[in-house]
Amino acid sequence: MDAIINKEILIRARREAGLSISKVSIKIKKSEKYIESLEQGSKYPTIWEARKLAKLYWQSFTTFYLSTPPEKFNFIKDFRCLPDKKNLISPELNYLINTFYWKQEFITNYFQYIWKEKIGLVWKYSINNDIKSIINWIYKDFELSPFNELEKMNQNELFSYWMKKIENRGIFILKFNNIEIEECRWFVLTNKIAPFILINTNDSKNAQLFSLIHELIHILINEQGISNDDICWNYESKDIKDIEVFCNKITAKLLVDEKIFKEKYNSIKNLETDDQIKKLANYFKVSKETISRIFLEKNFIEKNQYKKYREIFRNERLKYSQEKKIKMKKEKWWPNYYTKKISDYWHPLIQTVMSWYYEWTINWRDASFLLDLKINNFNKLTKKILSKNIS
């Protein structure tokens, strides 16, 4: 059966994916002449071919059926700083952001239909508010434990602790790992009904924790965006720089208690700076990058020295990500399909969608779209959720 698709959208999708007709012909094992005929509209692909092209171009299959090409998303700010100074968004990242945007839109519309109350967190503050007041409010409103209790937790426990505190306020936390951290470490989609935080799990655990809290601050000031968490010294926009500096300061202060930092620093101040940063990062369970940023703010190091540290830590971060992938591939270790699904979508979103499905309030197509899950796998996922072996 032929797929009666829009040739203009087909052409644009290929170009945005950065593929030539010759490369496409190799990928789908069809002649260049055949690909040209599809783009000219003299022939239509089969449904199977159209699905294959959609996957190759990082597009939703249904996009090909639209009467006019969809507008590129312009609803999200780009806080990234890439080495080549070209903050381009790859087809993979473009697809990822758009996919989760439409999932968020669906959930938001349904929540509005059932009269779910708005979350009071979004746009509660601005970057003009006093940082200390915001930190005090977060401790009180999120019912955070005193720091001397949090310091007893290991890295995974601390991450889970913060995750649950944030989820309890109605924020959905999700994960992705198909994008390099150099391009995107996190992105956040804000709205007053169903805010989304998305974290790249190719990153180290302490970096993920920093990203998680950093994104929470973005929600508080209603600034959705994407970032690779690299600070630019020459931002094109002062607005973007001010937002990132503001969010970084609050995040660092929430993770690194000022009084305890002073005590710990005084006990090791005779060590070399490299050793000081390493010991403090290990103690507070944050990245060395976070500690070096605090050192800069306290004038313990000069700006040029901080820039050198950032470059060193950036290379370490990329090396960690690559080694992690190589190790998993070498050991042929991949999580169970259902464990990974639970991990990627966390429990709240899965529980929300599946409760709607089993209550017959949404159909299987919608449930499948929201969870990227085939309908015949729903029962298996339910059993996994109910089992005590969830990781």
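Residues numbered from 1 in each chain as written. Predicted model: local features only at pLDDT ≥ 70, side-chain atom pairs only at ≥ 80, totals over all residues. Heavy atoms only, no water.

**Quick word on the overall build of the protein chain**
Link 1 in the chain: From N to C terminus, the protein chain includes 17 helices and five strands.
Link 2 in the chain: Looking at the protein chain residue by residue over its 391 residues, the buried ones come to 50%.
Link 3 in the chain: Taking as baseline every contact in the protein chain between residues at least 6 positions apart, the subset at least 24 positions apart corresponds to 71%.
Link 4 in the chain: Of the roughly 21,300 Å² of accessible surface on the protein chain, a fraction of 51% belongs to carbon and sulfur atoms. (Helix = DSSP H or I, 4+ residues; strand = E, 2+ residues; numbered from the N terminus. Buried < 20%, exposed > 50% of the residue type's maximum accessible area, 1.4 Å probe, protein only. Contact = heavy atoms within 4.5 Å. Areas by Shrake-Rupley, 256 points an atom, 1.4 Å probe, with all protein chains shown as cover.)

**Side note on the packing of helix 8 (residues 155–167) against helix 9 (residues 205–220)**
Link 1 in the chain: Put simply, helix 8 and helix 9 touch, their axes get as near as 10 Å, and they point 20° apart. By the criterion of interaxial angle, the relationship of helix 8 to helix 9 is roughly parallel. In terms of crossing hand, the pair formed by helix 8 and helix 9 is left-handed. Contact residues: helix 8 offers Q155, N156, L158, F159, W162, M163 and I166, while helix 9 offers K205, N206, Q208, L209, L212, I213 and L216.
Link 2 in the chain: Taken together, the residues that form the contact of helix 8 with helix 9 break down as nine nonpolar, four polar and one charged. (Axes fitted to C-alpha atoms, helices over the stretch in contact; angles between N-to-C directions. Parallel < 35°, antiparallel > 145°, perpendicular 65-115°, else oblique. Left-handed = near helix turned anticlockwise from the far one by under 90°. Nonpolar A, V, L, I, M, F, W, Y, C, P; charged D, E, K, R; others polar.)

**As for the pairing of strand 4 (residues 196–200)**
Link 1 in the chain: For strand 4, a buried count of five out of five residues is recorded, marking the element as mostly surrounded by other parts of the structure.
Link 2 in the chain: Burial along strand 4 is two-sided: F196, L198 and N200 and I197 and I199, pointing in opposite directions, are all buried.
Link 3 in the chain: Pairing analysis gives five bridges linking strand 2 (residues 172–176) to strand 4, with the strands arranged parallel. In the sheet register, L174 faces strand 4, and the bridge partner there is L198.
Link 4 in the chain: Direction of pairing for strand 3 (residues 186–189) relative to strand 4: antiparallel, over a ladder of four bridges. Of the residues in strand 4, the one forming a bridge with L189 is F196. (Pairing = 2+ DSSP bridges.)

**Some remarks on the nonpolar core**
Considering soluble globular proteins, one finds that nonpolar side chains tend to be buried as a cluster.
Link 1 in the chain: The biggest cluster of nonpolar side chains holds 61 residues, and the ones touching the most others in it are I138, W162 and I291.
Link 2 in the chain: For I291, the contacting residues outside a window of four places in its chain are V256, I277, L280, A281, F284 and V286. (Core = buried A, V, L, I, M, F, W, Y, C linked by side-chain atoms within 4.5 Å.)

**Considering the pattern of salt bridges**
Link 1 in the chain: Taken as a whole, this structure holds 17 salt bridges when the rule is applied.
Link 2 in the chain: Across the salt bridge formed by D372 and K103, the nearest N and O atoms sit 3.5 Å from each other. Of the two residues, D372 is situated in the loop between helix 16 (364–371) and helix 17 (378–386) and K103 in helix 5 (residues 91–113); the sequence distance between them amounts to 269 residues.
Link 3 in the chain: The class for K103 is buried, based on a relative accessible area of 1%.
Link 4 in the chain: For R317, the salt bridge is made with E289, and the minimal N-O distance between the two is 3.1 Å. (Salt bridge = Lys/Arg side-chain N within 4 Å of Asp/Glu carboxyl O.)

**Regarding the confidence of the model for the protein chain**
Link 1 in the chain: Summing up the model confidence of the protein chain, the mean pLDDT is 85 and the portion of residues at 70 or higher is 88%.
Link 2 in the chain: Confidence scores differ between elements of the protein chain, with helix 17 showing the lowest mean pLDDT of 72 and helix 12 (residues 273–284) the highest of 96. (pLDDT = per-residue confidence, 0-100.)

**Focus on empty space enclosed by the protein**
Link 1 in the chain: Scanning all chains against the criterion turns up two cavities of 30 Å³ or more.
Link 2 in the chain: Of the voids in this model, the largest cavity is the one considered here, and its volume is about 70 Å³.
Link 3 in the chain: Taken together, F147, L150, E151, L158, W162, L254, L255, Y283, F284 and K285 make up the full set of residues lining the largest cavity.
Link 4 in the chain: Counting only elements with at least two residues in the lining of the largest cavity, the list comes to helix 7 (147–150), helix 8, helix 10 (238–255) and helix 12.
Link 5 in the chain: Of the pockets and cavities examined, the second largest cavity occupies roughly 50 Å³.
Link 6 in the chain: Lining the second largest cavity we find R185, A207, F210, D229, S287, E289, T290 and R293.
Link 7 in the chain: Counting only elements with at least two residues in the lining of the second largest cavity, the list comes to helix 9 and helix 13 (288–297).
Link 8 in the chain: The leading source of residues in the lining of the second largest cavity is helix 13, at three residues.
Link 9 in the chain: A breakdown of the residues in the lining of the second largest cavity according to their chemical character gives two nonpolar, two polar and four charged. (1 Å grid on protein atoms, 1.4 Å probe; cavity = no way out; pocket = protein on both sides within 12 Å on 5 of 7 lines; lining within 4 Å. Points joined across faces, edges and corners; volume = space filled by probe spheres on them.)

**Some remarks on helix 6 (residues 131–141)**
Along an α-helix, residues three or four apart share an orientation, since each turn contains 3.6 residues.
Link 1 in the chain: For helix 6, the full list of buried residues reads I131, I134, I135, W137 and I138. Looking straight down helix 6, one finds that the buried residues subtend no more than 160° of arc, so they occupy a single side. Opposite its buried face, helix 6 presents the exposed residues K132 and K140, each directed more than 90 degrees away.
Link 2 in the chain: Looking at the buried side of helix 6, the elements it contacts are helix 9 and helix 10.
Link 3 in the chain: Just past helix 6, the residue E143 takes up positive phi, approximately 50°. (Arc of directions from axis to C-beta.)

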